[in-house]
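Structure at a glance
So the chains spell out like this:
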Amino acid sequence: MSETLYNADILRLATGIQHHARLTDPQGTAERRSPICGSRVTVDVNLGADGRVSEVGLLVRACALGQASSATLAGEVLGKSPAELAAARDALTAWLASGEGEVPDWPGLHLFTPALPHSARHPSIRLAFEAAAEAAEVAARRG
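Attention in this report is confined to the structure presented alongside it.

With that settled, the discussion passes to the overall build of the protein chain. Counting its secondary structure elements, the protein chain contains four helices and three strands. Listed by position from the N terminus, the elements making up the protein chain come as α-β-β-β-α-α-α. Its C-alpha radius of gyration of 14 Å places the protein chain within 12% of the 15 Å reference for a compact globule of 143 residues. For the protein chain, the spread of C-alpha atoms along the principal axes amounts to about 45 × 25 × 25 Å.

A word on the packing of helix H2 (residues 64-74) against helix H4 (residues 122-142). Running from N to C, H2 and H4 point in directions that differ by 35°, and their axes come no closer than 6 Å. H2 and H4 meet at a crossing whose hand is right-handed. Along the contact surface, H2 presents Leu65, Gly66, Ser69, Ser70, Thr72 and Leu73, while H4 presents Ser124, Ile125, Ala128, Phe129 and Ala132. The residue inventory of the contact of H2 with H4, partitioned by class, reads six nonpolar, five polar and no charged.

What follows covers H4. Turn by turn, an α-helix covers 3.6 residues, leaving residues three or four places apart pointing in a common direction. The end-to-end C-alpha distance of H4 is 30 Å, a good match for the 30 Å that 21 residues give at a rise of 1.5 Å each. The buried fraction of H4 is high, at 15 of 21 residues. Looking one or two residues past H4, Gly143 carries a phi angle of roughly 45°, positive in sign.

Pairing between strand E2 (residues 40-47) and strand E3 (residues 53-61): eight bridges, direction antiparallel. Following the sheet pairing, Asp44 is matched in E3 by Gly57. Counted between consecutive antiparallel strands, the loop separating E2 from E3 contains five residues, among which Gly51 sits at a positive phi close to 80°.

In this section: the state of the cysteines. In total, this model carries zero disulfides according to the counting rule given. Just so you know, Cys37 is unpaired, no disulfide at all, and the nearest cysteine sulfur is the one on Cys63, 4.5 Å from it. For Cys63, a relative accessible area of 18% gives the class buried.

What follows deals with the pattern of salt bridges. Evaluated as defined, the whole model comprises nine salt bridges. Arg40 is paired through a salt bridge with Glu31; the nearest N and O atoms lie 2.8 Å apart. On the accessibility criterion, Arg40 (33% relative accessible area) is partly exposed. In this structure, Glu134 engages Arg32 in a salt bridge whose closest nitrogen and oxygen atoms are separated by 2.4 Å. Residue Glu134 is located in helix H4, and its partner Arg32 is located in strand E1 (residues 28-33); the two are separated by 102 residues in the primary sequence. Note on Arg32: relative accessible area 27%, which makes it partly exposed. Look at the salt bridges and you will find they share partners, linking Arg32, Arg126, Glu130 and Glu134 into a network.

Its place among the elements puts Asn46 in strand E2. Looking at Asn46, the relative accessible area reads 10%, which means it is buried. Sequence-wise, Asn46 and Asp25 are 21 residues apart; in three dimensions their C-alpha atoms are separated by 8.5 Å. Here Glu55 takes part through its side chain, which lies 2.8 Å from a polar atom of the side chain of Asn46.

With a phi close to 60°, His19 is a non-glycine residue in the positive phi region. Within the secondary structure layout, His19 lies in the loop between helix H1 (8-14) and E1.

So, how was this worked out
- Residues numbered from 1 in each chain as written.
- Predicted model: local features only at pLDDT ≥ 70, side-chain atom pairs only at ≥ 80, totals over all residues.
- Heavy atoms only, no water.
- Helix = DSSP H or I, 4+ residues; strand = E, 2+ residues; numbered from the N terminus.
- Rg over C-alpha atoms; globule rule 2.2 N^0.38 Å.
- Axes fitted to C-alpha atoms, helices over the stretch in contact; angles between N-to-C directions.
- Left-handed = near helix turned anticlockwise from the far one by under 90°.
- Contact = heavy atoms within 4.5 Å.
- Nonpolar A, V, L, I, M, F, W, Y, C, P; charged D, E, K, R; others polar.
- Expected span 1.5 Å × (residues − 1).
- Buried < 20%, exposed > 50% of the residue type's maximum accessible area, 1.4 Å probe, protein only.
- Pairing = 2+ DSSP bridges.
- Disulfide = S-S within 2.5 Å.
- Salt bridge = Lys/Arg side-chain N within 4 Å of Asp/Glu carboxyl O.
- Polar contact = N/O pair within 3.5 Å; in protein donor to acceptor, adjacent residues only side chain to side chain.

So, to be careful, I would describe these as geometric facts and stop short of saying anything about function.
Structure (structure tokens):
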């Protein structure tokens, strides 16, 4: 691949995470940590009456890839259902594991294409999506 892993787009995303504050009383919370680099992402969610994410808060203590992935998630998470978040998590995981193929259907994930051959970086990229899917599932169970 000719693209640089830590390119300008990734670094720009890493500095612009929306919803970068914890919620005071979330319906669901989940934290994920990468054992490889120690990156950590916590996601809080509230669901609206329609069962979709109405509020989100993130605490991101991660490398540039983890921060950029968190920003990618945060920019599109509002209005998503727990099932949609689980599907996005699973599609991202499968794409990274395969190291090739079509980019999952989530805006901005194409920016992580240079990371495909770097499997040690994959856990950091998955953190926000894993935490968001779990937090939404917890919130849905609490109903």
